[in-house]
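Structural features, examined
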Amino acid sequence: MASSIVLFGPPGAGKGTQAGNIVSITGKPQVSTGDMLRAAVSAGTELGVEAKGYMDSGQLVPDEVIIGLIEERLTQSDAVNGVLFDGFPRTVAQAEALSHIAEVSIVIAIEVPDARIVERICGRYTCGGCGAVYHDTFNPTTNPGVCDHCGHTDMKRRADDNEGTVRNRLEAYHAQTSPLAAWYRKRDLFSAVNGDQGIDLVGEEIAALL
Ligand SMILES: [Zn+2]
């Protein structure tokens, strides 16, 4: 039976890594609406042309078009056993529409306390010489301000990795996700995993649900 998975996780929760694990465990392809839209537009399919019209005029692509694209995607041979939805649904209306075209067997949410996310994202810095990534608390350079790999002393921090921006992104994430979590919980499809532990342990918790 073609049963699909929905994965939620706030920015900085390691969702990309865990999505990769789910794909390798289940063999279900990862379907992101952004990638799907870009593919349909560049392939010039009927829905792609329609979607492009909205995007070119700066409008959001309506749910009917997105749902149409997903329906098309689900007919492809690699999707016969279902897919892993990434970044979809974003609203209860989308979840409802999705329930008519795909069987979602489980919704997995990676949960990490906001304070931990802020700590993880805000402490990051990158070497301007070789691109090595460090973290104030979890992975600092051996000598402060000097890259372990290339000896460069030019460390860069991303402007959007500051606390205010991260907290805004988290607020948006919670506002979007909590009605969806409630909707799926009501249907007994919702499972939360503890994302505030090592990547391998998060992966094990998720694997136990699959
Ligand atoms: Zn370096």
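Notes on the structure in this doc start here. Here the residue index of a chain counts from 1 through its sequence in written order. This being a predicted model, a pLDDT of at least 70 is required before a residue's local features are given, and a value of 80 or more before pairs of side-chain atoms are given or counted; all residues contribute to the totals for chains, interfaces and linings. Each side-chain value is worked out from all heavy atoms of the structure, with water and hydrogens disregarded.

Some points on a negative patch on the surface
Patch membership is restricted to residues that have no salt bridge and whose relative accessible area is over 30%. Joining uses 9 Å for like charges and 5 Å for the nonpolar side chains Val, Leu, Ile, Met, Phe, Trp and Tyr. Only the protein chains shown count as covering a residue, and every accessible area follows the Shrake-Rupley method with a 1.4 Å probe. In what follows, salt bridge is the name for a side-chain nitrogen of Lys or Arg lying within 4 Å of a carboxyl oxygen of Asp or Glu. Counted as positive: Lys and Arg. Counted as negative: Asp and Glu. His and the chain ends are not counted at all. Note on charges: their place is set at NZ of Lys, CZ of Arg, CG of Asp or CD of Glu. A cluster of acidic residues, E46, E50, E64, E71 and E72, forms a negative patch on the protein surface. Of all the secondary-structure elements, those providing two or more residues to the negative patch are α3 (46-56) and α4 (63-74). Helix numbering and strand numbering both begin at the N terminus, where a helix is a DSSP run of H or I of at least 4 residues and a strand a DSSP run of E of at least 2. Ranked by residues supplied to the negative patch, first place goes to α4 with 3 residues.

Brief notes about unusual backbone geometry
The omega torsion of the bond from F88 to P89 falls at -5°, within 30 degrees of zero and hence cis. Within the secondary structure, P89 sits in the loop between β3 (84-86) and α5 (92-101).

A short note on the packing of aromatic side chains
Aromatic ring pairs are reported here in terms of the distance separating the ring centres and the angle at which the planes meet. Two aromatic rings, drawn from Phe, Tyr or Trp (for Trp, its six-membered ring), form a pair once their centres lie within 6.5 Å of each other, and the interplanar angle then sorts them: stacked below 30 degrees, edge-to-face above 60, tilted otherwise. All chains considered together, the criterion is met by 3 aromatic pairs. Measuring from centroid to centroid gives 5.7 Å for Y125 and Y134, while their planes differ by 25°, and the two rings are stacked.

A few points about the coordination of the zinc ion
Listed donor atoms are N, O and S within 2.8 Å of the metal (Na, K and Ca: 3.2 Å). As water is not included, a site may look incomplete. Looking at the metal site, the zinc ion is ligated by C127 (SG), C130 (SG), C147 (SG) and C150 (SG), spaced 2.3 Å from it. Each of the 4 donor atoms bound to the zinc ion contributes to angles spanning 102 to 115°, and the resulting shape is tetrahedral. Each donor residue of the zinc ion belongs to the same chain, with the gaps between them written as C-x2-C-x16-C-x2-C. With a relative accessible area of 39%, C150 lands in the partly exposed category. Donor angles set the geometry label: tetrahedral for four donors if every angle is between 85 and 135 degrees, square planar for four and octahedral for six if opposite donors exceed 155 degrees and the others are between 65 and 115, irregular for anything else. We call a residue buried when its accessible area falls under 20% of the maximum for its residue type, exposed when it is over 50%, and partly exposed in between, using a 1.4 Å probe and counting protein chains only.

What about the nonpolar core?
Throughout, nonpolar core names a set of buried Ala, Val, Leu, Ile, Met, Phe, Trp, Tyr and Cys residues whose side chains join them through atoms within 4.5 Å. Within the largest apolar cluster, 31 residues are counted, with the highest numbers of intra-cluster contacts made by F8, I70, F85, L98 and Y184. Where this core is concerned, the elements lending two or more residues are β1 (3-8), α2 (33-43), α3, α4, α5, β4 (103-111) and α7 (163-186). In terms of residues, this core owes the most to one element, α4, which gives 6 residues.

Here's the deal with the pattern of salt bridges
Counted according to the given criterion, the structure contains 9 salt bridges. Between R167 and E163 there is a salt bridge, with the nearest N and O atoms lying 3.0 Å from each other. With a gap of 4 residues between them, R167 and E163 both fall in helix α7, about one helical turn apart. Judged by relative accessible area, which is 42%, E163 ranks as partly exposed.

Some remarks on the sheet that holds strand β5 (residues 124-127)
When DSSP finds two or more bridges between two strands, those strands count as paired. Within the open sheet, the 3 strands sit side by side as β6-β5-β7. Their pairing is antiparallel. The sheet is open, and its two borders are formed by β6 (133-135) and β7 (155-156), each paired with just one other strand. Of the pairings in the sheet, the one linking β5 to β7 comprises 2 bridges and is antiparallel in character. Pairing of T126 across the sheet is with K156, part of β7.

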